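This is what each chain is made of:
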Amino acid sequence: QVQLVESGGGLVQAGGSLRLSCVASGSISSVHAMSWYRQAPGKQRELVASITSGGSTNYADSVKGRFTISRDNAKNTVYLQMDDLKPDDTAVYYCSALIRVILSLPKDYWGQGTQVTVSS
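Parameters at a glance
Residues numbered from 1 in each chain as written. Predicted model: local features only at pLDDT ≥ 70, side-chain atom pairs only at ≥ 80, totals over all residues. Heavy atoms only, no water. Phe/Tyr/Trp six-rings, centres within 6.5 Å; stacked < 30°, edge-to-face > 60°. Helix = DSSP H or I, 4+ residues; strand = E, 2+ residues; numbered from the N terminus. Pairing = 2+ DSSP bridges. Axes fitted to C-alpha atoms, helices over the stretch in contact; angles between N-to-C directions. Disulfide = S-S within 2.5 Å. Buried < 20%, exposed > 50% of the residue type's maximum accessible area, 1.4 Å probe, protein only.

Visitor: Let's hear about the packing of aromatic side chains: which residues, and what values?
Guide: On inspection of all chains with the given rule, the structure shows one aromatic pair. Taking the centre distance of 5.0 Å and the plane angle of 50 degrees together, the rings of Tyr 37 and Trp 110 count as tilted. Residue Tyr 37 is found in strand β4 (residues 28-39), and its partner Trp 110 is found in strand β10 (residues 107-110); the two are separated by 73 residues along the sequence.

Now the structure itself:
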């Protein structure tokens, strides 16, 4: 059983910064790709950023240059540093990871989501 716990969401003014964290725990054998998604009211869920176990990153065009994804493999943790936040960044942010548990095959796990609200 794997649990992903997020932290760092909140309310911030436009131009401000937040750092989201997501820690995976449980009977983990290995953690592969880790990602951040977001879903704004009335919109579909979108991929914000992803990072492979080797450190290769990918970003949505809307956040490129402002957000930075990173990970600490020893702590099974992924971070999302969000700078120069804009009102359009307002959404529920979800952590996701491809994880193999002991005596099982890899599969996707999701965090509970954390609200990020950016005021004008």
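Moving on, there is more to tell.
Visitor: So what's going on with the sheet that holds strand β8 (residues 77-82)? Which residues, and what values?
Guide: Spatial ordering of the open sheet is given by β1-β3-β8-β7, a layout of four strands whose pairing is antiparallel. With one partner strand each, in any of the chains shown, β1 (2-7) and β7 (67-72) form the two edges of the open sheet. Across the sheet, the axes of successive neighbouring strands diverge by a mean angle of 15 degrees, strand direction being ignored. By the bridge criterion, six bridges tie strand β3 (residues 18-26) to β8 in an arrangement that is antiparallel. For Cys 22, the partnering residue across the bridge sits in β8 and is Val 78.

Visitor: Can you break down the state of the cysteines residue by residue, with the values?
Guide: Scanning the entire structure with this criterion turns up one disulfide. Disulfide pairing places Cys 22 opposite Cys 95 at an S-S distance of 2.2 Å. Classification of the bridge connecting Cys 22 and Cys 95 rests on its S-S torsion, roughly -80 degrees, and on that basis the disulfide is left-handed. One end of the pair, Cys 22, is in strand β3; the other, Cys 95, is in strand β9 (residues 91-101), and 73 residues separate them in sequence. Assessed through its relative accessible area of 0%, Cys 22 is described here as buried.

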